[in-house]
Amino acid sequence: MTSQRTRDRLIERLRGQGISDPKILDILRATPRHIFLDEALSHRAYEDSSLPIGFQQTLSQPYIVARMTELLLEKGPLERVLEVGTGSGYQTAILAQLVGRVFSVERIRPLQEKARARLRQLNLHNVHLRHADGGMGWAERGPFNGILSAAAPEVVPPELLEQLAVGGRLVIPIGKQGQQQHLYIYDRSAEGVEERCVEPVQFVPLVSGILA
Ligand code: SAH
C-alpha cells in the first residue's frame, strides 16, 4: 500500500491534474507521506485526499500541497519561507527540500511536537518551528520571500502582507467555513500588493490564539 507503484500512481494523477514542475513532482514522489499519519490511516497515505491528523485538523490533499507549492515557487527559488499551520509537517517537509529555510508556525502543541519528530526523522534541518498564532506571522524572522497558509482566514491577515519581502508571494485560502473558499495569491512589489484569485478550495479555519 505504500509501495513505489502506489506512489508513482499518485504522481501520475497529479500530473494529470496540471502539476507540471518536475522538481516538485520528484520531491512528492520521494517524500514518504505515510509517516505523517497515524498507523491506522497510513495505508491511505497515497490517495489524493485529505486525511485526519487529530484535533479536528487534516493533512492536506496531495494535489493542494503540490498546487500551493507550485504557485509559491512560480517565480523562482526562495530563500526564506513562512508556513502558517504546520499540522502534520508534510507540507513543511516538501517545502524544506525546495527552499533555503522554512519557518513554520502551529497553534496546537501536540501536532507541532509530532511534526518536529518526523522532520528530524527525514533529516530536514533547515526548518524552524514555533508554537504560536500564525495569523500574526513571525515578524522577528521576516521578511519572507514566500508565505504559505494551510488554514483559511475570512480576510487576509495584514500581518502576513506586512511580512512579505518585495518580490515575495503569499499563497492563502480565504473564506468562511461552510461556504465556498478560494485560493488567493498576493504579490508584493515596490509599488504595493497585487491580489489574484486562483481556484475554489476547502480548508480548515485559521483560528486565533494557541492550544497548549
Ligand atoms: N499542511 C498541514 C495542514 C494542516 S491543517 C498538513 O498537511 O498537515 C491546518 C493547520 O493549521 C492545523 O494544524 C491547525 O492547527 C493550524 N492552524 C490553524 N489556525 C492557526 C493559527 N492561527 N496559527 C497557527 N496554526 C494554525
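Cut-offs used in this document
Residues numbered from 1 in each chain as written. Predicted model: local features only at pLDDT ≥ 70, side-chain atom pairs only at ≥ 80, totals over all residues. Heavy atoms only, no water. Helix = DSSP H or I, 4+ residues; strand = E, 2+ residues; numbered from the N terminus. Contact = heavy atoms within 4.5 Å. Near = heavy atom within 4 Å. Polar contact = N/O pair within 3.5 Å; in protein donor to acceptor, adjacent residues only side chain to side chain. Areas by Shrake-Rupley, 256 points an atom, 1.4 Å probe, with all protein chains shown as cover. Pairing = 2+ DSSP bridges. Axes fitted to C-alpha atoms, helices over the stretch in contact; angles between N-to-C directions.

Q: Kindly report on the side chain of Gln112, identifying the contributing residues and their values.
A: Within the secondary structure, Gln112 sits in helix H5 (residues 109-121). Discounting residues that sit within four places of it in the chain, Gln112 has contacts with Glu106, Leu129, Arg130 and His131.

Q: Explain the site of the ligand residue by residue, including any values.
A: In the vicinity of the ligand lie 25 residues, with Ser88, Glu106, Asp133, Gly134 and Val207 positioned nearest. Note that an oxygen atom of the ligand is positioned 3.0 Å from one of the backbone N or O atoms of Ser60. In the environment of the ligand, a nitrogen atom lies 3.3 Å from a nitrogen or oxygen atom belonging to the backbone of Arg107. The fraction of the free accessible surface of the ligand (570 Å²) that becomes covered by protein chains is 99%.

Q: Please set out the sheet that holds strand E4 (residues 101-106) residue by residue, giving values where relevant.
A: Strand order in the open sheet formed by seven strands is E5-E4-E3-E6-E7-E8-E9, and the pairing between neighbours is mixed. Two strands bound the open sheet, and with one partner strand each, they are strand E5 (127-131) and strand E9 (192-201). The average angle at which neighbouring strand axes cross in this sheet is 15 degrees, direction not considered. Of the pairings in the sheet, the one linking strand E3 (residues 80-84) to strand E6 (residues 144-149) comprises four bridges and is parallel in character. Each residue of the ladder has a partner; that of Val84, found in E6, is Ser149.

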